[in-house]
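Residues per chain, in single letters:
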Amino acid sequence: RIMSDFTNVTLDFSAEEERSSTIPEGEYLTEISVCEKTLSQAGNEYLKLEVKVVGDKYQGWIARDNLNLWYTYADAEKQNMVREIASKKFTSLLKALGRSNAPTNATELQGCRVTSKFGIEKSNNPDYPNDKNNIVAFKPLGNAAPQQPGEAPAWVNEDKPSATPAKPSL
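Residues numbered from 1 in each chain as written. Predicted model: local features only at pLDDT ≥ 70, side-chain atom pairs only at ≥ 80, totals over all residues. Heavy atoms only, no water.

A.B. asks: Quick one: what's the story with the side chain of Thr 22, residue by residue and with numbers?
C.D. replies: Take Thr 22: it is sitting in the segment before β1 (26-39). Sequence-distant contacts of Thr 22, that is, excluding residues within four places in its chain, are made with Trp 61, Ile 120, Asp 131, Lys 132 and Asn 133. (Helix = DSSP H or I, 4+ residues; strand = E, 2+ residues; numbered from the N terminus. Contact = heavy atoms within 4.5 Å.)

A.B. asks: Residue-level account of the environment of Ile 32, with values.
C.D. replies: Within the secondary structure, Ile 32 sits in strand β1. Spatially, the C-alpha atom of Ile 32 lies 4.4 Å from that of Val 51, the residues being 19 residues apart in sequence. Residues contacting Ile 32, with those up to four places away along its chain left out, are Leu 49, Glu 50, Val 51, Leu 93, Leu 97, Leu 109, Gln 110, Gly 111 and Cys 112.

A.B. asks: Residues and numbers for the environment of Lys 117, please.
C.D. replies: One can find Lys 117 in strand β4 (residues 113-121). By relative accessible area, Lys 117 is classed as partly exposed at 36%. In this structure, the C-alpha to C-alpha distance between Lys 117 and Thr 30, residues 87 residues apart in sequence, is 9.5 Å. With near-sequence residues (within four places) excluded, Lys 117 lies in contact with Gly 26, Glu 27, Asn 134, Ile 135, Val 136 and Ala 137. (Buried < 20%, exposed > 50% of the residue type's maximum accessible area, 1.4 Å probe, protein only.)

Put into structure tokens, the structure is as follows:
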């Protein structure tokens, strides 16, 4: 008689698998997977932006944003406000990427990495009840060298004189 590896294990195939529609708020290492000038159904051009988490935790998670840089509306005040919000966010992305100007083509930013700060946007749409992650801000990656666990960062000892003189570089 053959014993099953799963004898005395309770399995419930009728239970619904619960998958969260968001990841925790916070900062994530991301890569720009989509950045393109697009036309909305209403006829407005906008920048379609999608970032994908590339860090170890939540790898592959995607957050999207539509930046209404070219928004047109009859009410000039509303048009300017919407454009200004989009422009500030896009400028913050460019600065985080170390750029001082816009690319010639939006797709040039695809593949670039940036730290993205995610928030959670609560859904108020009964047709789409799931909350979603939104992109709150962008930050530069920083130039910190990778550390070994438990190792003090290099800046900790920067101002302290070395106990042994440094060897001259060749």
